[in-house]
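Take a look at the letters that make up each chain.
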Amino acid sequence: MKQSLLLIFFLSISFVIYAQETLVMGSVKDSETLQPIESAIIHLEGTSLKTQSNHLGVFVLEGIIPLGEQILVISKEGYSQKRYPIVVYEGETLNINDMVLSRDLSPNNDLFTISLTDDELHDDTLASDNISGLLAASLDVFQRTAAFEFSASFFRPRGLDSNHSTVLINGVAMNKSFNGRPQWSNWGGLNDVVRNQELAYGLAPSSSSFGGVLGSTNINVRPSEARSGGRLTYSSSNRSYAHRIMAKYASGLLKNNWAYTVSLGRRWGSEGYQDATLYSANSFFASVEKQFNGNQSLNFTAIYTPNIRGKSSPNTQEVYDIKGTKYNEYWGWQDGEKRNSRLKEVNEPILMLNHYWNLSSKITLNTNMAFQFGNMGNSRLDYNGTDLIDGIPQGGGSNPSPTYYQKLPSYFERNDPDHLEYAYQALKAFQNDGQIHWSDMYEANISHATQGGHAIYALYEDRVDDRQFTINSILNTAINNNATLNAAVNYSGLNSENFANVLDLLGASHYLDVDAFASISHEAQNDLQHPNRLVTEGDKFKYYYRLLSMALNAFAQAQFRYSKIDFYLSGQFSQTQYQREGLYQNGGFPDTSLGKGEKMNFTGFGFKGGFTYKFSGKHLFDGNLGVLTRAPSIQNTFSNARENHNTVPQISTENIRSVDASYHFRSSIVKAKFTGYFTKIGRANDIAFYFADGVGGDHAVFVQEILQDIEKKHLGAELGIEAQVTSTLKLKGVASLGQFTYANNPNLLLTTEPDAEAITAGFVNGSKYFGETKLKNYRLASGPQNAYSIGFEYRDPNYWWFGATANFFSNTFLDVSPLTRSYNFNTDYDGQVFNDYDEDIARELLKQERFDDYMVVNLVGGKSWKLGKHYVGLFASVNNLLNTSYKTGGFEQGRNANYRELRDDKALATPVFGPKYWYGRGTTYFLNLNVSF
């Protein structure tokens, strides 16, 4: 009896406590169809309280709900956001049924997403991909502006590379093991199915991943959570492609608990803004989901986006002055058509199986498997085809590049100043032509073949065939109304085959697979197992190896939410292993090239935490702190994977420390956020490849430059503010001020093939150590370090709108050469300082170039119509309205490796080996027409 009475007592207490809990409940419907809206986001403004509506459109908002007058914000992709004033009383349930959302006929988010993911990716610069993680998932004005206004200038948020962010699709990380970056073209052209995204910027917590110091983006492509209906789209542009068509249909959740989404697309153009940058891309997406018993769901997704595009070249200022900023050296005429020698082709399908399990009303488990396979190739010309004479390679052709330094006027001005007519002849030849001569290479090959010789010229690709398998599980648990636990474990394995592949022998029938620069017969062999091998089109040659990678990581995170303060703590552990397997025995490295090399193991840890303090619904303050270590990328682990197993000496994990703090102001008119941040990266490595003059010999030596133990410092502030001054007019302003510098003097090591020239230049066993390189306080080449934007947006009640922004950029710096900041710069061959060395001249020679500041004006506008049950949208954008010419990046060439070489070259009006630059585009447009149904 006592036990029964005790049970009744506790049940009564529990009932009373539940009955007295403060709740906000309701339902959401479509204003036109009056059908329930699933997955609408319900957010109590000024708090972190947030929930979603179920398949009946019903929601329950729980937690520590502030009392009194509040604002309930209802939003969903494809609908106009609504703000409902409510009054909350303690211990009562507020029930608001049948709230409605109207379709959003203004297409600005669609325009932004399209113009970013399709247009701004340019792998040659390795900079613009950093914006790509910031898509329309964020409503933060600073992040929108950074993504959509600053991207054309290769702006990097906080000066960081995109390998500091994590991109996931359905909870599966998509970053490449080779360089840590996401390959955005793997899902390019699928704008309508990658809209549903969860963005965590900076160190902010994510429910699916620990992320990086730049944040994480999880793209949700579940069909059951996609807005039902279809869309047809046609676009026209003069940026990367000329035309695009897309079709997408999503069924939504059907009565039999099935759901599916399909999307097809094509983008093409014979030429983009730069000369001969062809573009051809197809996009295929299919996803099907089945829900079981209301608690479990199985989702299969297939993504295939084969694409090929022509690259454009960085050039010296001499070349731009003669040919203009659209000039591209990589192409030439063939049979009346432009043929680009540098094409990038990507064919990497993704297959994904996701299992979602609601273990209870508060516990979910998401288990995912993904398999990505296929190939990626980058083509280029080879002009070193040879014959064997007495066992030694002999022959080769002239460099077909029209900008080869010995073909430009500056070469003759420096080397034959008494006969400037030669420089004039070179100038006129370059003005009148300046492109690759395909016919000359065909004629040379055919003529040489008639004399029994091999191909002199060939077109080949550097090919990567990847197979990667990933499996993970993500657990989310609501411990109580205030605490949530997130945890995940992830394993990925990569088998990457890397080789050179013959594409076109340009009229010849075979090519001799040897190293044309070797002076000893056995060193000339690219594969000692198959000496003097003749290859034809479709054959592997030059190099062939595998990279094997395994990575295991786990993270756990606790989030706590209260009426005045929210905070979180998160930790991560990772174990990474790399190994190289050589399939060729290289003649220059016979003992370290064939078979499997040493396994490289790295253990990483990460810890971060943060809080949000809510002074009121209008004023919030948050802060985050992170400390983590991570494995270096494969790219920065092996010093010359094409030829040997060698790795960066004494390589270790990178360490990263980061802190940021933000103040938020939110009112019915003004939204503002001010952030300050500091990030320091240590023990980093960087590897580059180039020909260097003046490193101890009379000839240029092809080297691998290993910059080791790099420290970088990123300090800055971000400001974003927008004001809804009237019901139709919004003003916005953004500022990003940064100072991104080298924080130490890293160590420099050069490696090369241990041949006679290397020994003469002072290399020992193919290596030469240069000690510290004086880089401290030099600026990092990370795009504009200061960026500002002001603009407005007008939205008419009749569903047309117009906006304009003026964007200002400053403090963009040239990437400096570490070798010229080492002791090699002022040291003669005998180890003594140059007898004519002048410190004042040297200081001026080594001064880092800062590009001119510039302004870019962008316009955007559109109009939408409702025709029956269909929606039609037409909009356009014009970028760089004033046709401003500006440099977006560049680098010093490594050939002028010492004081005398650099001094004599810069003394010329036009240096022979001046820096190479990238220029931004002039005025461009984008037009888009879509029909939704």
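Remember, it's a predicted structure, so these values are computed and weren't measured experimentally. (Residues numbered from 1 in each chain as written. Predicted model: local features only at pLDDT ≥ 70, side-chain atom pairs only at ≥ 80, totals over all residues. Heavy atoms only, no water.)

Topic: the overall build of the protein
Tallying secondary structure elements over the protein gives 10 helices and 47 strands in all. On the principal axes, the C-alpha backbone points of the protein span a range of 105 × 65 × 60 Å. Scored against the burial criterion, the 933 residues of the protein give a buried share of 55%. Considering only residue pairs separated by 6 or more positions, the protein has 70% of its internal contacts joining residues 24 or more positions apart. As displayed, the protein offers around 39500 Å² of accessible surface, 55% of which is attributable to carbon and sulfur atoms. Averaging the locations of the 81 positively and 94 negatively charged side chains of the protein gives two centres separated by 10 Å. (Helix = DSSP H or I, 4+ residues; strand = E, 2+ residues; numbered from the N terminus. Buried < 20%, exposed > 50% of the residue type's maximum accessible area, 1.4 Å probe, protein only. Contact = heavy atoms within 4.5 Å. Areas by Shrake-Rupley, 256 points an atom, 1.4 Å probe, with all protein chains shown as cover. Lys, Arg positive; Asp, Glu negative; His and termini not counted. Charge placed at Lys NZ, Arg CZ, Asp CG, Glu CD.)

Notes on helix 7 (residues 438–450)
The first and last C-alpha atoms of helix 7 sit 19 Å apart over 13 residues, in line with the 18 Å expected at 1.5 Å per residue. Considered for burial, the residues of helix 7 that qualify are W438, M441 and N445. The arc that holds every buried residue of helix 7, seen down its axis, measures 65°, which confines them to one face. Of the exposed residues in helix 7, those oriented more than 90 degrees away from the buried face are E443 and T450. Backbone geometry just after helix 7 places G452 at a positive phi near 85°. (Expected span 1.5 Å × (residues − 1). Arc of directions from axis to C-beta.)

Observations concerning the nonpolar core
Core analysis: the largest hydrophobic core is formed by 54 residues, its most contacted members being F150, V695, V703, L750, F763, L819 and F825. Elements with a contribution of two residues or more to this core: helix 3 (141–148), strand 36 (670–692), strand 37 (701–724), strand 38 (729–742), strand 39 (747–751), helix 9 (839–845), strand 43 (854–867) and helix 10 (899–906). The residues contacting F763, other than those within four sequence positions of it, are V695, V703, L750, T751, T752, A758 and K768. V502, Y511, Y545 and I651 belong to the second-largest nonpolar core, a separate cluster that totals 26 residues. (Core = buried A, V, L, I, M, F, W, Y, C linked by side-chain atoms within 4.5 Å.)

Remarks on the packing of aromatic side chains
Counted according to the given criterion, the structure contains 37 aromatic pairs. For the pair Y613 and F615, a centre-to-centre distance of 4.8 Å together with 80° between the ring planes defines the contact as edge-to-face. Its relative accessible area of 31% is what places Y613 among the partly exposed residues. With a centroid separation of 5.9 Å and an interplanar angle of 55°, the aromatic rings of F891 and W918 are classed as tilted. (Phe/Tyr/Trp six-rings, centres within 6.5 Å; stacked < 30°, edge-to-face > 60°.)

Topic: the sheet that holds strand 10 (residues 197–201)
Taken in spatial order, the four strands line up as 9-8-11-10 in an open sheet, and their pairing is mixed. Whereas interior strands pair on both sides, the edge strands pair on one side only; in this sheet they are strand 9 (172–173) and strand 10. (Pairing = 2+ DSSP bridges.)

Thoughts on the pattern of salt bridges
Tallied over the entire structure, the rule returns 36 salt bridges. With a shortest N-O distance of 3.0 Å, E348 and K176 are connected by a salt bridge. Remark: K176 occurs in the loop between strand 9 and strand 10 and E348 occurs in the loop between strand 21 (343–347) and strand 22 (350–358); sequence separation between them is 172 residues. Each member of the pair E348 and K176 is classed as buried. (Salt bridge = Lys/Arg side-chain N within 4 Å of Asp/Glu carboxyl O.)

Description of the pairing of strand 36
Direction of pairing for strand 35 (residues 654–666) relative to strand 36: antiparallel, over a ladder of 12 bridges. Bridge pairing in strand 36 links R657 to K680. Here strand 35 folds back onto strand 36, and the loop between the two strands holds three residues. For strand 36 and strand 37, the ladder comprises 20 bridges, and the chain directions are antiparallel. Across the sheet, I681 pairs through a bridge with K712, a residue of strand 37.

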